Amino acid sequence: MRRASVYVALVLLAAVSVVPFLWMLATSLKHGPDIYTKTPSLLPLDKKTGEWAATLDNYAYVLDVGGLGSAFVNSVWVCAILVPAKLLIDALAAYAFARIPFPGRDKLFFIMLGGMMVPAITLLVPRIHVTQSLGMFDSGWGLIVPNIASVLDIFLLRQFFLSLPGELEEAALIDGAGRMQIFWRIVLPLSKPVLAVVTITSFLFHWNDLVWPLLVTNDPELYTLPLALQQLVASPDGGRAYYIMAGATLAVLPVIAVLLVFQRRILQGIAFTGLKG
């Protein structure tokens, strides 16, 4: 009985999570007059006849007129460059903090962690100033370079690297392996679960990031998907419900695909990250 109650509760929670997405998808396939009806319907039915009346015209509009087509491409190439580069830099920094002794290592690490206590919004002005000084404002590099490292990711990777057996590294050093050889051939292959978690969370964050692209880009050709979607909502014609839902569906589908494909890796990484010894 208790197990059945747990299953029922989980099904209800799942429904609460899934129904809004289904409603968004259904609305994106409806004609304008079919959205506002006395009896709400998840299916894209004709308001007068009750027959199936799904349309893809809303997607054609947001991809072409709404500018979400080029914005989708921009988001893809930004994430394709930023996420691997960020993972490499964070992993190298975490390995240094975890395994390479150097003067002031622990103090520097705690100072870096202290930076996490500073609200991110207070750092926007200096970040924009530095971006302008480096000539990267309103450019693709301005979307990538200022986000190329993460203190939280370094912390998570360091904690996992500390849990790896030190005997493996000592044996490799005795055999003549260098630090980079150990990093590439021993540490990274053993760290796939946590690397997967960091990669996926970084992708989700930067795919959905609105604030930084909004501040650092003025050229519509550089707009990423969240920024283009925000502009679509603010436009007179694009602000209609069926256009907004079509754009939101395009933005959400890649995220859902990534989570479905890598959900096992996410769970493994979260479990392993909490283990030490």
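Residues numbered from 1 in each chain as written. Predicted model: local features only at pLDDT ≥ 70, side-chain atom pairs only at ≥ 80, totals over all residues. Heavy atoms only, no water.

Okay, the overall build of the protein chain next. Along the backbone of the protein chain there are 13 helices and 0 strands. Here the C-alpha radius of gyration of the protein chain, 24 Å, is well above what a compact globule of 277 residues would show, namely 19 Å. Expressed along its principal axes, the backbone C-alpha trace of the protein chain runs to roughly 80 × 60 × 30 Å. Counting across all 277 residues of the protein chain, residues that qualify as buried make up 38%. For the protein chain, contacts bridging at least 24 residues in sequence account for 73% of all contacts bridging at least 6. Accessible surface, the protein chain: about 16,200 Å² in total, of which carbon and sulfur atoms supply 70%. Charge separation in the protein chain, taken as the distance between the mean sites of 19 positive and 17 negative side-chain charges, equals 11 Å. (Helix = DSSP H or I, 4+ residues; strand = E, 2+ residues; numbered from the N terminus. Rg over C-alpha atoms; globule rule 2.2 N^0.38 Å. Buried < 20%, exposed > 50% of the residue type's maximum accessible area, 1.4 Å probe, protein only. Contact = heavy atoms within 4.5 Å. Areas by Shrake-Rupley, 256 points an atom, 1.4 Å probe, with all protein chains shown as cover. Lys, Arg positive; Asp, Glu negative; His and termini not counted. Charge placed at Lys NZ, Arg CZ, Asp CG, Glu CD.)

Taking the numbering used here, the UniProt-annotated feature "transmembrane region" (unreviewed entry) corresponds to residues 7-26, 75-96, 108-128, 140-161, 182-205 and 241-262. The span residues 182-205 carries 96% helix and 0% strand; its end-to-end C-alpha distance comes to 30 Å. (UniProt positions renumbered as here; feature names shortened; annotations may be inferred.)

Bringing unusual backbone geometry into the picture now. Despite not being glycine, Asp138 has its phi angle at roughly 55°, a positive value. Here Asp138 falls in the partly exposed class, since its relative accessible area comes to 29%.

Taken together, the side chains of Val6, Tyr7, Leu10 and Leu13 define a hydrophobic patch exposed on the protein surface, amounting to about 410 Å² of accessible area. By the element assignment, Leu10 lies in helix 1 (residues 2-28). (Patch = residues over 30% accessible without salt bridge, like charges linked within 9 Å, V, L, I, M, F, W, Y side chains within 5 Å. Salt bridge = Lys/Arg side-chain N within 4 Å of Asp/Glu carboxyl O.)

We now examine the nonpolar core. Here is a general trend for soluble globular proteins: nonpolar side chains tend to be buried in one another's company. The biggest cluster of nonpolar side chains holds 25 residues, and the ones touching the most others in it are Val62, Leu68, Phe203, Trp207, Leu225 and Leu232. Going through the elements one at a time, helix 2 (57-64), helix 3 (68-99), helix 10 (192-208), helix 12 (225-234) and helix 13 (241-273) are the ones with two or more residues in this core. Per-element accounting of this core gives the leading share, 7 residues, to helix 13. Sequence-distant contacts of Val62, that is, excluding residues within four places in its chain, are made with Gly67, Leu68, Gly69, Leu232, Tyr243, Ala246, Gly247 and Leu250. (Core = buried A, V, L, I, M, F, W, Y, C linked by side-chain atoms within 4.5 Å.)

With 17 residues, helix 10 should cover 24 Å at 1.5 Å per step; its first-to-last C-alpha distance of 24 Å lies within 8% of that length. If you check which residues of helix 10 are buried, you get Pro193, Val194, Leu195, Ala196, Val197, Val198, Ile200, Ser202, Phe203, His206 and Trp207. (Expected span 1.5 Å × (residues − 1).)

Moving on: the packing of aromatic side chains. Inspection of every chain in the model, using the stated rule, returns 11 aromatic pairs. Consider the rings of Phe97 and Phe102, whose centres lie 6.2 Å apart with planes at 50°: the pair is tilted. Overall, the relative accessible area of 8% leaves Phe97 in the buried class. Here Tyr242 and Tyr243 contribute two aromatic rings whose centre-to-centre distance is 4.7 Å and whose plane-to-plane angle is 65°, an arrangement assigned as edge-to-face. (Phe/Tyr/Trp six-rings, centres within 6.5 Å; stacked < 30°, edge-to-face > 60°.)

The subject of this paragraph is the pattern of salt bridges. Tallying each qualifying case throughout the model produces 4 salt bridges. For Asp153, the salt bridge identified is with Lys86, shortest N-O distance 3.8 Å. Of this pair, Asp153 sits in helix 7 (residues 151-163) while Lys86 sits in helix 3, and the two are 67 residues apart along the sequence. There is no split in this pair, since Asp153 and Lys86 are both buried. Close ionic contact of Glu169 with Arg179 constitutes a salt bridge, the shortest N to O distance being 2.2 Å. Linking Glu169 in helix 8 (residues 166-174) with Arg179 in helix 9 (residues 179-190), this pair joins segments that are 10 residues apart in sequence. The class of Glu169 is buried, set by a relative accessible area of 9%. Residue class for Arg179 comes out partly exposed when judged on its relative accessible area of 30%.

Moving on, we get to the environment of Asp219. If you trace the backbone, Asp219 turns up in the loop between helix 11 (211-216) and helix 12. For Asp219, a relative accessible area of 31% translates into the label partly exposed. Separated by 197 residues in the primary sequence, Asp219 and Leu22 have C-alpha atoms spaced 34 Å apart.

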